[in-house]
Structures are given as C-alpha cells and as structure tokens.
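# Analysis of the macromolecular model
Listed here are the chains, written in short residue letters.
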Amino acid sequence: MVVEPEHAPLNGRNGRKRPQPPQKSPREVADELRARIRSGRLQPGRRMPTQARLAEEFGVERGTVRQALRILQSERLLTNVSRGSPATVAPDPYGTRAAPQTRPLPTTVALASRVTRAFAAPHVEIDALCLTAVSLTLALGEPLGQIHAGRLKPAKIDVRVLLPSRDIDLAFPVAVAGAGATGDPVHEGWLAMRDAQARVLRHSLLGLRATHGIDVRVSFRALPFTPPVKLYLLNGSEALFAYYTLTRREQEVGRERLETYDAEGIRSTLFAFERGGGPRDGVFVQQSRLWFEALWGTISSGLVLGARPSPRGRVPRVTRVTRRDPRPGGPAGPRRRS
C-alpha cells in the first residue's frame with residue numbers, strides 16, 4: 001500500500017498537487033495601497049495597518065509588503081517605513097493623490113514629480129509622444145540627480161519616444177505667411193530643437209550604463225503627422241495627457257521677425273490618469289497604451305539623429321510625407337516646445 005505524504009494537497013482523483021495562486025508583486029501591493037490613499041480610505045497623518053496584517057490581507061510575505069511600503073515612501077506618500085512601528089500616511093506635496101476634483105497643473109509643475117516617482121520602480125518604463133521632447137528632458141533632471149546622489153537605483157530603464165518626422169509639412173509651428181521659396185526657417189528651427197533635445201535625452205540616460213551599471217535602452221521613432229496632443233505613459237500604470245493649444249505670435253527666426261502659429265508645450269495643462277484611480281482612469285491608461293503601441297508598431301518609422309539635413313525647398317507634399325527620417329539636424333530655432 002502506498003501512503004501519500006501527510007501534507008500533500010490533492011486535486012480531485014488524479015493525485016496532483018493543487019496549484020498555488022500567484023503572489024502579488026510589491027508593485028501590485030503598492031498600487032492597491034496607493035488607490036486607498038487616493039480615495040481617502042487611508043487619511044493623511046493616520047497610521048497604516050501593520051506589515052503583518054497587510055501581508056495576511058494580500059497573501060504575501062512581509063518582505064513583499066515592506067518593498068511596497070518603500071515604493072510609496074519614495075513617492076512621499078508614506079513616512080516612518082521600518083521593521084518596527086506601522087508606517088504613517090504623509091501629506092502629498094506634489095499632488096500625486098489626485099482626487100477627481102484636484103486641479104490639473106502645467107506640464108513644468110506636474111511632470112517632473114511623476115517621472116521621479118516612476119524611477120522608484122526596479123524597471124522604469126517611459127513612453128512619450130510629443131513635438132520636441134523638451135518637457136521630458138527637463139523632467140528627467142530630478143530622477144537622474146537622485147540616481148547620481150545614490151537615492152534611487154533602478155535596475156533597468158526603457159524609454160521610447162515618438163516625434164514628428166523631419167520630412168512632413170508640420171501643422172505647427174509654421175509661418176503665418178507660409179514657407180519661402182528657398183526653404184522654411186521655422187521648420188528648420190523646430191527640427192534643430194527636436195534633434196538637440198533627443199540627443200541630450202539619449203546621452204543623459206545612456207550615461208547611466210557606465211556610471212551606475214544600469215541596463216538602459218532609449219529608442220526614437222518618427223511619426224508622419226503633427227501630434228495635436230502630448231502623452232506620457234509611466235511604468236504602464238499612469239497616463240499623462242495634454243493638449244497643444246495654438247497661438248499666433250511674433251518670433252525671431254534667424255535674423256528676421258516672423259508671425260507664426262505655435263504652441264508652448266511646457267506650459268500646457270497636464271491631466272493625470274492612474275490605473276488604480278478608478279474604472280475611468282484605468283480604461284484611459286489602457287487605451288492610451290494601446291494607442292501608443294499601435295503608432296509605434298505601424299505607421300511610425302526609424303528616426304536617426306546626428307546627420308545634417310539638405311536645404312529644404314518647395315516640393316510637392318506627396319514627396320515630403322515619407323516613411324523615412326534619415327537626416328535630422330539643422331540651424332538653431334525660435335523657442336522651446338515639447
């Protein structure tokens with residue numbers, strides 16, 4: 001007679017062990033606790049449940065709970081995270097517990113804090129669709145500074161950026177009077193800004209390989225249209241969205257003053273949606289990710305930085321809208337955009 005081991009759980013008549021449910025990751029536990037803080041279930045200044053109670057509730061080890069609490073501490077949502085007494089819910093100076101009635105903030109105010117929060121994850125994933133990447137380059141300054149100071153140490157960073165192709169007729173920025181017969185200085189100014197920001201962004205991130213041993217990948221692709229909005233996706237769990245609002249203004253382009261239609265992207269109002277912020281937020285994040293992936297994998301094309309462009313003359317639009325982006329670069333441009 002064969003005696004089964006005393007504690008071997010069986011699944012029906014086949015004698016196989018029952019599969020154990022997969023444990024939640026620290027990021028998943030942090031997402032749930034963050035949602036409770038955002039909703040007001042966990043009030044600022046109040047103590048969190050003990051790590052033992054949280055571990056029992058989520059069905060995980062206490063080490064997993066501790067990592068989740070440290071993620072929230074790095075986001076400045078918790079204080080006093082230790083092995084001893086329970087952590088405390090802290091006030092949020094950056095407005096990351098954005099309740100539905102919270103007023104959206106300009107890109108320059110809101111983006112940096114949220115990008116810094118994303119860098120607390122072991123694997124940082126940032127996808128961006130924008131006009132020149134100025135805002136993203138500025139926002140990366142804070143987390144990169146914290147990495148160099150030893151306060152943040154992600155193991156892996158993946159950044160993908162969609163930018164307009166150099167070979168299209170942009171909807172904006174454009175001269176009100178149209179392009180000249182020998183070239184378009186407004187377009188060349190935008191192109192110089194696009195390439196300069198992309199090179200700075202790439203250099204700053206790839207430098208982390210040598211200085212900190214972080215696995216970094218930075219990719220760019222070119223779009224065959226002018227994006228009317230800007231979008232940032234952070235770690236697959238947050239979507240930040242803003243409109244490019246056009247204005248008519250006079251700018252100095254080269255040695256002359258021109259009337260242009262343009263947008264000031266760094267001042268555009270940024271709307272934030274989080275996967276744990278409710279059904280509507282979750283759907284927006286999911287659809288934004290699908291939209292980005294569709295653009296990345298279909299109509300976008302390779303974008304190469306560093307080469308000098310040939311003079312841009314008056315040619316038919318059908319020859320300007322291409323699937324290639326081989327020759328970025330050009331003279332200095334008028335103003336910052338993103």
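The text that follows walks through the structure, step by step, so that each part is easy to find. If you're wondering where the values come from, they're calculated on a predicted model, not measured in any experiment.

## Looking at the pattern of salt bridges
- Across all of its chains, the model carries 18 salt bridges by this definition.
- Measuring nitrogen to oxygen at the nearest pair gives 3.1 Å for the salt bridge that ties Glu274 to Arg117. Residue Glu274 is located in strand β12 (residues 269–274), and its partner Arg117 is located in helix α4 (residues 107–118); the two are separated by 157 residues in the primary sequence. Just as Glu274 is buried, Arg117 falls in that class too.
- Asp127 is the partner of Arg160 in a salt bridge, and the nearest nitrogen-oxygen pair spans 2.9 Å. With Arg160 in strand β5 (residues 156–164) and Asp127 in strand β4 (residues 123–129), this pair connects stretches of sequence that are 33 residues apart.

## Quick look at the nonpolar core
- The biggest cluster of nonpolar side chains holds 44 residues, and the ones touching the most others in it are Phe119, Ile126, Leu140, Ile157, Leu205 and Phe220.
- Here the element with the most residues in this core is helix α7 (residues 185–212); it accounts for six residues.
- In contact with Leu205, not counting residues within four places along its chain, are Leu140, Leu144, Ile157, Val159, Val216 and Val218.
- Val29, Ala55, Leu69 and Leu72 belong to the second largest nonpolar core, which has 20 residues in total.

## Considering the layout of surface pockets
- Taken as a whole, the second largest pocket encloses approximately 320 Å³ of empty space.
- At the level of secondary structure, the elements contributing two or more residues to the lining of the second largest pocket comprise α1 (26–39), α3 (62–74) and β4.
- Take the lining of the second largest pocket: its biggest share by element is four residues, from α3.

## Describing the environment of Glu264
- Its location among the elements puts Glu264 in the loop between β11 (256–263) and β12.
- Its relative accessible area of 16% is what places Glu264 among the buried residues.
- As a C-alpha pair, Glu264 and Leu246 span 18 residues in sequence and 7.9 Å in three-dimensional space.

Calculation rules
Residues numbered from 1 in each chain as written. Predicted model: local features only at pLDDT ≥ 70, side-chain atom pairs only at ≥ 80, totals over all residues. Heavy atoms only, no water. Salt bridge = Lys/Arg side-chain N within 4 Å of Asp/Glu carboxyl O. Helix = DSSP H or I, 4+ residues; strand = E, 2+ residues; numbered from the N terminus. Buried < 20%, exposed > 50% of the residue type's maximum accessible area, 1.4 Å probe, protein only. Core = buried A, V, L, I, M, F, W, Y, C linked by side-chain atoms within 4.5 Å. Contact = heavy atoms within 4.5 Å. 1 Å grid on protein atoms, 1.4 Å probe; cavity = no way out; pocket = protein on both sides within 12 Å on 5 of 7 lines; lining within 4 Å. Points joined across faces, edges and corners; volume = space filled by probe spheres on them.

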